[in-house]
Amino acid sequence: MARPTRVAASATIPVLMPLWLDQPYDYLAPEGVELAPGDFVLAPIGPMQRIGVVWDGAPGDPPPKKLKSVIEKLDAAPLPEVSRRFAEWVARYTLTPLGMALKMMMSASEAFDAEAQRWGYRLAGSVPPRMTPGRARVLEAAANGLVWPKSALAEAAGVSYSVIDGLADAGALVRVELPRARMRAPLPDFAQVELGPSQARAAHSLREAVAAGAYSVSLLDGVTGSGKTEVYFEAVAEAIARGRQSLILLPEIALTGQFLARFEARFGCRPAEWHSAVSPAERGRIWRAVASGEAKAVAGARSALFLPFADLGLIVVDEEHDASYKQEDKASYQGRDMAVARGWLGKCAVVLASATPSIDSIVNVRRGRYNHIRLEERFAGAAMPNIEAIDMRIDKPERGRWLSPRLVDAVNETLARGEQALLFLNRRGYAPLTLCRKCGHRLDCPQCTAHLVEHRFRDRLACHHCGFMLPTPKTCPKCGAEDHLAPCGPGVERVAEEVAERWPEMRTAILSSDLTPTMKALREVIETVASGEARIVIGTQLVAKGHHFPRLATVGVVDGDLSLATADPRAAERTFQLLNQVTGRAGRSGTVGRGYIQTYLPEHPVMQAIVSGDREQFYEREIAARAEAGMPPFGRLAAVLVSAKTREEAQAYARAFALAAPRASRIEVLGPAEAPIAVIRGRHRFRLLAKAALEADLQAYMREWLACAPQAKGSVMAQVDIDPYSFL
């Protein structure tokens, strides 16, 4: 795409700063420097200097004497026009200030630093005056005459960096500047994968979508274990063959370990990784490589969508139904929906992949907006697992235990066959509540209206909303009674305790974010499971997100009703997806898969759909209910969360905010109502909800409402969330 005409030196130019600002500020271009929209510049704002972007459009007409001058133009690839249009689209849709949308695109500050020089060492030929065993090993390693990076030479010789520095000072090694390290390019034909007939047809459709070089959205709808990853890899191969870039979004960074290995096996190298665990220096390197077009494939979290791709030809949203694509802090957006918008703006193919597609995507297929590509059978003829509901009203666990006799028998049978079993409970910690058996006191968070969760393995009580922690007390904080604090209900740690008692000889693995604090530790646990070393796996929702465990035969869901007990309008959909995904881990590589769901509601439509395998019946019922209620995707929602340090402040402002709502025939305002979790981090919370017909301009309405609302004062804050996913 051709860049716009450059502005003349010393002309007035608009510069957008990555701050809570909704429009660019005007500056003077520095003498002798020509600037164009997209250029990164350093400019003063108030007492600070910030990096901003020259924006499109005509500047205002302020007196030149009142304008400050841009300090310098930075040596960085310009922000592409499609990225600037995407920032504007995101800001308009989510009601986020434009500067904050830009900030998401500038999340790697190291990208604007000068690249550090890289130095290597080669043999000089002279002998140092003093020889040591370490120095001898370095000289022997460098005897091949090649230029060695310091880290590689030190590792090869088994010495510290100081030994190499000493040899360089003595003239035995010559320091040589190394060229900039370039990313390896994935090869579209590095490995040929044998696809089944249905996979081959699906791959052909996706390749055609990429080859068209136009906007399209395809829903790749395949049962668990059907080979969706291999199919959309063919679309990635097509994009690479055409010299274009690919972005693969993953819902959980823990997935990237297995995914990266599969990508490397197919394309000969790994894609660039983009998520919170990547170091700042590496983020800067990847940002520059994406902007220059050098990085041909990126795999990452939802934030990767805001990278400045030079020529993006494909976006894949894996596990597109996953709620983790929803960003709720600061700028609120739905990553899946923003990916579709980015594909539309950039005229590229979008693939949404899932075994349990979101109702939004199914309805978009029915409306003709998305192509529908089905994979109805598992790869290589593997059978879907047989699912059974265990009625906990009849098949009750022993007192103080959480696994029913039927589930225990199933695990015993699985272990006897040398296979793996997974016990799933979507609740971290040991117990969700601790109370005193003498006075009835419950241990609650002092900053939130929430119980403290016991984490026995770390001897801590923790709040999962604000992060508050304290050592597990030995006496009741209220009555002082000793040895009367009792845990109530199970978490994964308590299930793990029961597993250790029942099967002490079996190696177990626990997959929970609380117990694997680092990416490295989490990937090591996943590898232990994938290799079959761990015979029993206990996990939270981490295990439901796309993992492939070849020897896993049996899955037991400890509390299948857990996610149904909420006021979330998507509760049934989320429960269906979660249970389908987690039981779908079983029997993926030829073993006979079985799933057992412990439930007190076996007659619930969700449980009936899971057990019968009748997915379409569930979707039909849920879609009909949504349509009748006018809920998304047949209507639209916008939430307003009002918070303040006192309940009185929050409630008074929420009421005043509600009274300021404009009247509209197709939009209804509900609330204010106290939030289900009324206090978080010491702030009292009230919620309002705007419910609109599908054809209503909800964003325009919310802008008018915000303009009419009284100004927030004191500690009061109001946050708008378009298309909310959380109702807590």
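Presented here is a report on the structure given in the accompanying data block. Everything quoted here is computed from the prediction, not taken from an experiment.

### Some details on the packing of aromatic side chains
Enumeration according to the criterion identifies 18 aromatic pairs in this entry. Taking the centre distance of 5.6 Å and the plane angle of 70° together, the rings of Phe40 and Trp287 count as edge-to-face. One end of the pair, Phe40, is in strand S3 (residues 40-45); the other, Trp287, is in helix H9 (residues 280-292), with 247 residues separating them in the sequence. By relative accessible area, which is 1% here, Phe40 ends up buried. For the ring pair Tyr653 and Phe657, a centre distance of 5.8 Å and an interplane angle of 55° mean the geometry is tilted. Residue Tyr653 and its partner Phe657 are both found in helix H18 (residues 647-659); the two are separated by 4 residues, about one turn of the helix. Taken as a pair, Tyr653 and Phe657 share a single burial class, namely buried. Of the aromatic side chains, those joined through ring pairs into one cluster are Tyr232, Phe233, Phe259, Phe263 and Phe267. Of note, Arg175 hangs over the ring of Trp119, and the distance from its end group to the ring centre comes to 4.1 Å. In this arrangement the basic side chain of Arg283 is found over the ring face of Trp274, its NZ or CZ atom lying 4.1 Å from the centre.

### Re the packing of helix H1 (residues 81-94) against helix H2 (residues 98-105)
H2 packs onto H1 with a crossing angle of 130° between their chain directions and a minimal axis gap of 8 Å. The angle between H1 and H2 places the two elements in the oblique class. Crossing handedness for the pair H1 and H2: right-handed. Of the residues in H2, those in contact with Ser83, Phe86, Ala87, Glu88, Val90 and Ala91 of H1 are Leu98, Ala101, Met104 and Met105. In the contact of H1 with H2, the residues fall into 8 nonpolar, 1 polar and 1 charged.

### Concerning the packing of helix H15 (residues 571-583) against helix H16 (residues 605-612)
Taken N-terminus to C-terminus, the directions of H15 and H16 make an angle of 30°; their axes are 10 Å apart at the nearest point. In this view, H15 runs roughly parallel relative to H16, as classed from their interaxial angle. Relative to H16, H15 is oriented so that their crossing is right-handed. Residue-level inspection shows Ala572, Thr575, Phe576, Leu579 and Asn580 of H15 in contact with H16, the latter providing Val606, Met607, Ala609 and Ile610.

### Side note on unusual backbone geometry
The amide bond that connects Pro632 to the next residue, Pro633, takes the cis arrangement and shows omega of 10°. Summarising the element assignment, Pro633 is placed in the loop between helix H17 (615-629) and strand S29 (635-644). The phi dihedral of Glu319 is positive, around 50°, even though this residue is not glycine. Of the residues examined, Glu319 reaches a relative accessible area of 9% and is grouped as buried. Positive phi outside glycine occurs at Asp723, with the angle close to 60°.

About the thresholds
- Note that residues are indexed from 1 along each chain, following the sequence as it is written.
- Per-residue local features are limited, in this predicted model, to residues with pLDDT of at least 70; the limit for side-chain atom pairs, both in listing and counting, is 80 or more; totals at the level of whole chains, interfaces and linings are taken over all residues.
- Where side-chain values are given, they derive from all heavy atoms of the structure, hydrogens and water being excluded.
- Put simply, two rings from Phe, Tyr or Trp (the six-membered ring, in Trp's case) pair if the centres are within 6.5 Å, and we call them stacked under 30 degrees between planes, edge-to-face over 60, tilted for the rest.
- The numbering of helices and of strands both runs from the N terminus, where a helix is a DSSP run of H or I of at least 4 residues and a strand a run of E of at least 2.
- When accessible area is computed with a 1.4 Å probe and restricted to protein chains, residues below 20% of their type maximum are described as buried, those above 50% as exposed, and intermediate ones as partly exposed.
- Counted as over-ring charges are cases with an Arg CZ or a Lys NZ within 6 Å of the ring centre that also lie within 35 degrees of the ring normal.
- Geometry is summarised by axes, namely lines fitted to C-alpha atoms with helices restricted to the contacting stretch, and by angles between N-to-C directions that run from 0 to 180 degrees.
- Under this scheme an angle from 65 to 115 degrees is roughly perpendicular, one under 35 degrees roughly parallel, and one over 145 degrees roughly antiparallel; angles in between are oblique.
- With the far helix as reference, a near helix turned anticlockwise by less than a right angle produces a left-handed crossing, and one turned clockwise produces a right-handed crossing.
- Throughout, a contact is declared for two residues whenever any of their heavy atoms are within 4.5 Å.
- Throughout, the ten residues Ala, Val, Leu, Ile, Met, Phe, Trp, Tyr, Cys and Pro are labelled nonpolar, Asp, Glu, Lys and Arg are labelled charged, and all others, Gly among them, are labelled polar.

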